[in-house]
Amino acid sequence: QKDSNHLLSFHRPSVEKAAMAVEVLSTINVSMQQFIANVQGNQERATKIILNNELLLMQELQFHLTVHNPFRAVEGLLIDIKTRCDSVHSVDSFRPEIQTFLDSVFLTDACMIYAPSQIALAAVIHAASRQKQNLDSYVTESLFGEQGEEAILHIITCVRNIRVMVKNIPDPTPNIKTLCTRLEQCRNQDNNPDSLAYKRKLEELVDEDALLLEDHTPSNQQARMDSCSQA
């Protein structure tokens, strides 16, 4: 480690931030309230310091973060349904509906509230319902049968809330096409590969490169030397 990143180079709040980051990145389930309970002094101020500097600290420590999304979880669920759920047929036909649902999920706050696996399950259940198939027995028996009624009730609530969030996405602005057309006109056409201005600019650059190439060819250089010697 560099001297600037040495433990003794920082005051206590910075060390506390580092400790919290290590616990989070090590997948130790410690909430902010549990961590702050062990901090002496102004705990509210310590909370703000940790949250406001978390990303900067990770950058200085050169951590690599992995962002999880529901797509891999969807593939796992589809494989599991094919393996353990004989009552559901044509599982691959769920894919278009799943993709549409996931595209809509990213227009909501669901990804900030629910785990990727919960969103994936909501997408699969939604797709199955659109295909007139039922996954209730698969969810309550195969997936969560051994975890008790509390876990089943929790996942049912999560799936229902996610589907409600997707259903309540507001309709697009009616005049969105007009706005897109106006926005297109406001863009710098010199940087638009489809515009005539961009093509003219590109042609000018090509012509300039051709002239520079001609100026540096041996024949031109020799002609210039001959003219200089005659002078």
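Residues numbered from 1 in each chain as written. Predicted model: local features only at pLDDT ≥ 70, side-chain atom pairs only at ≥ 80, totals over all residues. Heavy atoms only, no water.

## Some thoughts on the overall build of the protein chain
Piece 1. A tally of regular secondary structure across the protein chain gives 12 helices and 0 strands.
Piece 2. With the model as given, the accessible surface of the protein chain reaches about 17300 Å², and the carbon-plus-sulfur share is 54%. (Helix = DSSP H or I, 4+ residues; strand = E, 2+ residues; numbered from the N terminus. Areas by Shrake-Rupley, 256 points an atom, 1.4 Å probe, with all protein chains shown as cover.)

## Observations concerning the pattern of salt bridges
Piece 1. Following the criterion strictly, the structure yields 5 salt bridges and no others.
Piece 2. Taking the shortest distance from any N to any O, the salt bridge between D92 and R95 comes out at 3.5 Å.
Piece 3. Judged by its relative accessible area of 41%, D92 falls in the partly exposed class.
Piece 4. Taking the relative accessible area as the measure of exposure, R95 reaches 33% and is therefore partly exposed.
Piece 5. One salt-bridge network, in which partners are shared between bridges, spans E75, K82, D92 and R95. (Salt bridge = Lys/Arg side-chain N within 4 Å of Asp/Glu carboxyl O. Buried < 20%, exposed > 50% of the residue type's maximum accessible area, 1.4 Å probe, protein only.)

## Remarks on helix α4 (residues 70-84)
Piece 1. The end-to-end C-alpha distance of α4 is 21 Å, a good match for the 21 Å that 15 residues give at a rise of 1.5 Å each.
Piece 2. Those residues of α4 lying buried are P70, V74, L77, L78, D80 and I81. Down the axis of α4, the sector holding all buried residues measures 165°, keeping them to one side. Pointing more than 90 degrees away from the buried face of α4 are the exposed residues R72, I79 and T83.
Piece 3. As for α4, its buried residues are in contact with α5 (95-105), α7 (116-130) and α8 (136-143). (Expected span 1.5 Å × (residues − 1). Arc of directions from axis to C-beta. Contact = heavy atoms within 4.5 Å.)

## Thoughts on unusual backbone geometry
Piece 1. Despite not being glycine, S90 has its phi angle at roughly 55°, a positive value.
Piece 2. With respect to the element layout, S90 can be found in the loop between α4 and α5.
Piece 3. S90 sits in the exposed class, given a relative accessible area of 54%.
Piece 4. With phi around 65°, K132 is a residue other than glycine that occupies positive phi space.
Piece 5. Position of K132 among the secondary structure elements: in the loop between α7 and α8.
Piece 6. Overall, K132 belongs to the exposed group, its relative accessible area being 78%.

## Focus on the packing of aromatic side chains
Piece 1. Scanning the entire structure with this criterion turns up 1 aromatic pair.
Piece 2. Centre to centre, the rings of F71 and F106 are 6.0 Å apart; their planes meet at 35°, and the pair counts as tilted. Of the two residues, F71 sits in helix α4 while F106 sits in the loop between α5 and α6 (110-113), which places them 35 residues apart along the sequence.
Piece 3. Relative accessible area serves as the criterion here: at 32%, F71 is assigned to the partly exposed category. (Phe/Tyr/Trp six-rings, centres within 6.5 Å; stacked < 30°, edge-to-face > 60°.)

## With respect to the packing of α5 against α7
Piece 1. Relative to each other, α5 and α7 sit at 135°, their axes nearing to 8 Å. By the angle between their axes, α5 is oblique relative to α7. Taken as a pair, α5 and α7 cross one another with a handedness that is right-handed. Within the contact between the two elements, α5 uses E97, I98, F101, L102 and V105 and α7 uses I119, A122, A123, V124, H126, A127 and R130.
Piece 2. Grouping the amino acids of the contact of α5 with α7 by side-chain chemistry returns 9 nonpolar, 1 polar and 2 charged. (Axes fitted to C-alpha atoms, helices over the stretch in contact; angles between N-to-C directions. Parallel < 35°, antiparallel > 145°, perpendicular 65-115°, else oblique. Left-handed = near helix turned anticlockwise from the far one by under 90°. Nonpolar A, V, L, I, M, F, W, Y, C, P; charged D, E, K, R; others polar.)

## Digging into the packing of α4 against α7
Piece 1. As a packed pair, α4 and α7 sit with axes 8 Å apart at the nearest point and diverge in direction by 55°. As the angle between them shows, α4 and α7 are arranged oblique. Our pair here, α4 against α7, has a crossing hand that is right-handed. Of the residues in α7, those touching α4 at P70, A73, V74, L77, L78 and I81 are P116, S117, I119, A120, L121 and V124.
Piece 2. In terms of residue class, the contact of α4 with α7 is built from 11 nonpolar, 1 polar and no charged.

## Thoughts on the environment of I81
Piece 1. Counting through the fold element by element, I81 comes out in helix α4.
Piece 2. A sequence separation of 43 residues divides I81 from V124, and the C-alpha atoms of the two residues are 10.0 Å apart.
Piece 3. Those residues in contact with I81, other than ones at most four positions away along the chain, are V88, V91, V124, L135 and Y138.

Don't take any of this as a statement about function, it's just geometry.
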